[in-house]
Amino acid sequence: MEAWAYQILQLGRTGSALLIWGVLFASGAAGLAFFTRHTFKLDRAAYFLTVGFSYLLVGMTSLFILNFQDAVRNDYLTVLVVLITVSLVPIGIFMGVCAAARSRDAFGRRGKWYLAFIPIANLLLIFAPSQERSRPALGPMLRAILLVAVSFAMVAAGAGVSQWVQGRVALAGEAALEDEPLQKKLALYDVQSVGLEAFLQETAKGIPAPAKIDEITTLKAIEVDKETFRYVYEISYKDAVLSTNWRHVMMYRWCKSPDITFMTDLGATIEGKYLSQEGQQLGELKVNPALCDDWRLQFDKAMQEAAGAIKGPAKVDEATTLTGAEYEDGTFTYFYTVASAPPDDGWKAYMKGMWCQTDQFKKLMDFGLNVRGVYSTEDNAPIGEIVVSSEVCGI
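Residues numbered from 1 in each chain as written. Predicted model: local features only at pLDDT ≥ 70, side-chain atom pairs only at ≥ 80, totals over all residues. Heavy atoms only, no water.

Some points on the sheet that holds strand β9 (residues 370–377)
Heads up, the rule is: Note on pairing: two strands pair once DSSP finds at least 2 bridges between them. The secondary structure listing takes helices from DSSP runs of H or I that are at least 4 residues long and strands from runs of E that are at least 2 residues long, numbered from the N terminus. The convention used is that axes are lines fitted to C-alpha atoms, helices contributing only their stretch in contact, and that angles between N-to-C directions extend from 0 to 180 degrees. We call two residues contacting when some pair of their heavy atoms lies within 4.5 Å.
Strand order in the open sheet formed by 5 strands is β6-β7-β8-β9-β10, and the pairing between neighbours is mixed. This sheet does not close on itself; its edge strands, each paired only once, are β6 (311–315) and β10 (382–388). On average, adjacent strands in this sheet sit at an angle of 25° to one another, irrespective of strand direction. As judged from the 3 bridges shared by β6 and strand β7 (residues 320–328), these two strands associate in the antiparallel manner. Considered in β7, the bridge of alanine 314 is made with leucine 322. Lying on the sheet, helix α12 (residues 289–308) is in contact with β6, β7 and β8 (331–338); it crosses β7 at an angle near 160°. Against the sheet, helix α14 (residues 359–366) contacts β8, β9 and β10, and its axis sits at roughly 155° relative to β8.

Remarks on unusual backbone geometry
Here the residue pair alanine 209 and proline 210 is connected by a cis peptide bond, since its omega of 5° sits within 30 degrees of zero. If you trace the backbone, proline 210 turns up in the loop between α9 (196–205) and β1 (211–212). A cis amide bond links glycine 312 with the next residue in sequence, proline 313, at an omega value of 0°. Mapped onto the elements, proline 313 comes out in strand β6.

Notes on the side chain of asparagine 122
We apply this condition: Using a 1.4 Å probe on the protein chains alone, a residue whose accessible area is under 20% of its type maximum counts as buried, one over 50% counts as exposed, and one in between counts as partly exposed. Here a polar contact means two N or O atoms within 3.5 Å. Within protein one must be a hydrogen donor candidate and the other an acceptor candidate, and residues neighboring in sequence count only if both atoms are side-chain atoms.
Among the structural elements, asparagine 122 can be located in helix α6 (residues 122–127). In this structure asparagine 122 comes out as buried when scored by relative accessible area, which is 5%. Of the polar contacts made by the side chain of asparagine 122, one reaches the side chain of tyrosine 47; its length is 2.8 Å. The residues touching asparagine 122, leaving out its near neighbours within four places in the chain, are Tyr47, Val51, Leu115 and Ala116.

Some remarks on the sheet that holds strand β3 (residues 228–235)
With mixed pairing, 5 strands are arranged side by side in an open sheet as β1-β2-β3-β4-β5. In this open sheet, the two edge strands, each paired with only one partner strand, are β1 and β5 (281–287). Sheet analysis places strand β4 (residues 269–276) next to β5, joined by 6 bridges and oriented antiparallel. Bridging across to β5, leucine 275 finds its partner in glutamine 281. Running over the sheet, α9 touches β2 (217–225) and β3 and is turned about 155° from β2.

Some points on the nonpolar core
Selection criterion: Side-chain atoms within 4.5 Å are what join buried Ala, Val, Leu, Ile, Met, Phe, Trp, Tyr and Cys residues into a set we call a nonpolar core.
If you look at the biggest cluster of nonpolar residues, it comprises 55 residues, and the most contacted ones within it are Phe229, Trp254, Ile270 and Tyr334. Ranked by the residues each element gives to this core, the list is headed by helix α10 (residues 244–256), at 6 residues. Residues in contact with isoleucine 270, not counting those within four places in the same chain, are Phe229, Tyr231, Trp254, Ile260, Met263, Thr264, Leu285, Lys286 and Val287. Within the second largest apolar cluster, 24 residues are counted, among which are Met95, Leu115, Phe117 and Ala121.

Re the packing of aromatic side chains
Stated precisely, the cut-off is as follows: Only rings of Phe, Tyr and Trp enter the pairing, Trp through its six-membered ring, and a pair is recorded when the two centres are within 6.5 Å. The plane angle decides the type: under 30 degrees is stacked, over 60 is edge-to-face, the rest tilted. Only when the NZ of Lys or the CZ of Arg is both within 6 Å of the ring centre and within 35 degrees of the ring normal is a charge said to sit over the ring.
Under the criterion given, the structure shown has 24 aromatic pairs. Look at phenylalanine 229 and tyrosine 231: their rings are 5.3 Å apart centre to centre, the planes differ by 75°, and that puts the pair in the edge-to-face class. Both residues of the pair, phenylalanine 229 and tyrosine 231, count as buried. With 4.9 Å between their ring centres and 20° between their planes, tyrosine 233 and tyrosine 274 make a pair best called stacked. On the criterion of sequence distance, the pair formed by tyrosine 233 in strand β3 and tyrosine 274 in strand β4 is long-range, its members being 41 residues apart. Looking at tyrosine 274, the relative accessible area reads 5%, which means it is buried. Here the basic side chain of lysine 112 rests over the ring of phenylalanine 107, its NZ or CZ set 5.6 Å away from the ring centre.

In structure tokens:
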């Protein structure tokens, strides 16, 4: 229902106008079915005043749209659409009754009331002279001029309210571009409305290509194939080799990237196709929630095997010995013994600085891993531990 309500609110100017006038017409017809016995009439000026008042009321209903973002966040878009629709019903009844009164005054019967709901045809009701004509007099003329002026003012006010609301909604939309949960909901509604492939096609149009990514990588094109959103890259470095290590790093980055997970959560598969300048395929990546989960399992297994392969004791320097390693939950831990305990905790800051500069540990941090060192004396008395990561090291 929420996606249906969102689709209604995205009809555009023409679609919205047709829907509004449709509700007004239906309400007017229903109202006249109950008000069958009223016999009052409206002259031209009085009717024009009711038209202006109706336009003002319709313009005021646009104020409900100011709650659009809150409705999306809190899942009451359907309620918002129903509220707008219900607010148009009494306006439509009022317009229908007034149009019937004008039709009776101009044509002797109320049958031409429907002209009020046809913008240009409504001029026939507005300008048709009354059947009961009277001599011109200053008082009635001044009254007519005043009513027409007030009517124009109300029409302008109604249009002004609508334009003001549109401006506020546009500003709020720009401000909400960084609101990831909101944007994800809006995208999900778009997908449910137009389909995933159409949504991906529209998204692709907004990404400039070709575009330089770095010194050797150029985004050449964006391709959409059903549910697959494909980036086509060209690598200018002739000896480029997309190794297993490169794949692990890129899978980690892509599976963590907010922009990519935003689209994979909608059901898309994101693919990267890497070509040489001669058009030869160098490698490819594919990510979606299932593929990312499979990769994490494989990567964790590889890290556990790598940790298990580290056997000790192995001398690191004159005072430090590596005794083993383990991997668990994104943390690669090294165990060390030292000949004697340091006199204070100053060694921790020194070791963190050293570890942040160590190529072996940098490679682990490229995968988003924490690197931990647990230190004890040769008699197994605990000394302390240090933990470094890309955030700690500022990488």
